[in-house]
Amino acid sequence: MNVDDLPTPALVVDLDAFDANVATMAARWPATTLRPHVKAFKSTALAGRLAAAGHVAFCCATVREMEGMAAAGLGHDLLLANEVLGPAAERLGALARSGEARVTAAVDSDATVDAAADAGVTEVLVDVNIGLPRCGCHPADAGRLADRCRSRGMTVRGVMGYEGHLMREPAAAKATGVKQAGELLLTALEATGGDVASGGGTGTWSTNEWATELQAGSYCLMDTEYVAHAPEFAIALSLSTTVISSSPAWGVLDGGLKCLGMDHGNPTVLGAGECLFVSDEHITVGWRHGDWLEPGSRVRVLPAHVDPTVAYHDRMHVVHDGEVVDEWPVDLRGW
Ligand SMILES: Cc1ncc(COP(=O)(O)O)c(C=O)c1O
């Protein structure tokens, strides 16, 4: 099938761009020095391609992602790089006890340590705050939490710290900031014991010198916002749309808020004017001189934020030379 025969709106992956992104990252972070983050693509089919390229250990953001990866036979070494409590922690423990996957949990408080231990999780990373105001304990508390983990019978594999606040910094500030963040994390690692320092992402893939495993995920598919901060990776993801209405001044595409992550701004419309605004089921484009399109025309739209965009769809259509060659279900959605 040709890409232009897909029912729209359809999420499309350019296979050549995807393969090139995987190869670029693997050249710097081969095998398990990369722990790809599945949150960016939520697809076991895509994860399977990364495993085939040697990256057999993964990060997840939700218990649903952990369970789905294990069920797909991709549970060699799964890190829940996020904090869970209550029923979510119990589900994580059930997965660990099932033996279907090697499960490691991030913990950053007495509450998350106890939830993991109570649920039957046996391996943890102490999550350390290295500058992003989100999860992670104070670096000075890492050793105490590690002791608490061990007193509850769990193995401390090391630490994780995510320098998400630095991904979009200019080069010089990024280099300094990532170095300082690494010093915080490696000091914490001395206090916790273990040999893992997990961290980093697409925006620091070439700056981070301290992670024993990089947690990048966006690099596989990319988006218009992130490409400015990691230009070595190509935008492989687009939305195929159809012009459903066209007046002399503007046109309307059959995409919208329900199929595009919009928190990083408007999408980029290729060859069909400029995106004026996006509503639930519509993208309104203003025609520029000479780019008027008639109803029925196909238009490619580049999303501004990959993660939430993918999460709106139930499949990605994989395209090579204009032909649809594969379909990757987005099977890790939900919670
Ligand atoms: C814990 C964690 N690690 C790593 C990443 C890196 O992902 P990306 O490839 O989008 O930079 C993220 C992204 O949000 C994250 O939350």
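Draft legend 1. A look at the side chain of Lys174. The topology assignment puts Lys174 in helix α7 (residues 171-192). Buried and unpaired, Lys174 has no salt bridge, with Glu232 as the nearest side chain of opposite charge at 7.8 Å. There is a polar contact of 3.0 Å between the side chain of Lys174 and the backbone oxygen of Met167. With near-sequence residues (within four places) excluded, Lys174 lies in contact with Leu166, Met167, Glu169, Gly203, Thr204, Thr207 and His229.

Draft legend 2. Representation of the packing of helix α1 (residues 15-28) against helix α2 (residues 44-52) within the structure. In contact at an axis separation of 11 Å, α1 and α2 are set at 45 degrees when each is read in the N-to-C sense. Judged by the inter-axis angle, α1 sits oblique to α2. As for the relative orientation of α1 and α2, their crossing is right-handed in sense. Between α1 and α2, the residues in contact are Leu15, Phe18, Asp19 and Val22 and Leu46, Arg49 and Leu50, respectively. A per-class count over the contact of α1 with α2 returns five nonpolar, no polar and two charged.

Draft legend 3. Local environment of the environment of His305. On the secondary structure map, His305 appears in the loop between β14 (298-302) and α8 (306-311). Separated by 265 residues in sequence, His305 and Ala40 have C-alpha atoms that sit 9.5 Å apart. Other than its neighbours up to four places away in sequence, His305 contacts Asp223, Gly261, Asp263 and His264. Here Asp263 takes part through its side chain, which lies 2.8 Å from a polar atom of the side chain of His305.

Draft legend 4. Expanded view of the site of the ligand. Neighbouring the ligand are 13 residues; Thr202, Gln215, Gly217, Ser218 and Tyr226 lie closest to it. A distance of 3.0 Å separates an oxygen atom of the ligand from a polar atom in the side chain of Lys39. Taking Gln215, its side chain carries an N or O atom lying 2.6 Å from a nitrogen atom of the ligand. Look at the ligand: alone it shows 390 Å² of surface, and the protein chains cover 92% of it. Of the pockets mapped on this structure, the ligand occupies the largest pocket.

Draft legend 5. Geometry of empty space enclosed by the protein. This structure, assessed with the given rule, holds one cavity of 30 Å³ or more. Here the largest cavity defines a volume of roughly 50 Å³. Taken together, Val84, Ala89, Leu92, Ala105, Ala106, Val107, Thr112, Ala115, Ala116 and Val121 make up the lining of the largest cavity. Contributions of two or more residues to the lining of the largest cavity are made by α4 (86-98), β4 (103-107) and α5 (110-119).

Rules of the game
- Residues numbered from 1 in each chain as written.
- Predicted model: local features only at pLDDT ≥ 70, side-chain atom pairs only at ≥ 80, totals over all residues.
- Heavy atoms only, no water.
- Helix = DSSP H or I, 4+ residues; strand = E, 2+ residues; numbered from the N terminus.
- Buried < 20%, exposed > 50% of the residue type's maximum accessible area, 1.4 Å probe, protein only.
- Lys, Arg positive; Asp, Glu negative; His and termini not counted.
- Salt bridge = Lys/Arg side-chain N within 4 Å of Asp/Glu carboxyl O.
- Polar contact = N/O pair within 3.5 Å; in protein donor to acceptor, adjacent residues only side chain to side chain.
- Contact = heavy atoms within 4.5 Å.
- Axes fitted to C-alpha atoms, helices over the stretch in contact; angles between N-to-C directions.
- Parallel < 35°, antiparallel > 145°, perpendicular 65-115°, else oblique.
- Left-handed = near helix turned anticlockwise from the far one by under 90°.
- Nonpolar A, V, L, I, M, F, W, Y, C, P; charged D, E, K, R; others polar.
- Near = heavy atom within 4 Å.
- Areas by Shrake-Rupley, 256 points an atom, 1.4 Å probe, with all protein chains shown as cover.
- 1 Å grid on protein atoms, 1.4 Å probe; cavity = no way out; pocket = protein on both sides within 12 Å on 5 of 7 lines; lining within 4 Å.
- Sits in = over half its atoms within 2 Å of the grid points.
- Points joined across faces, edges and corners; volume = space filled by probe spheres on them.

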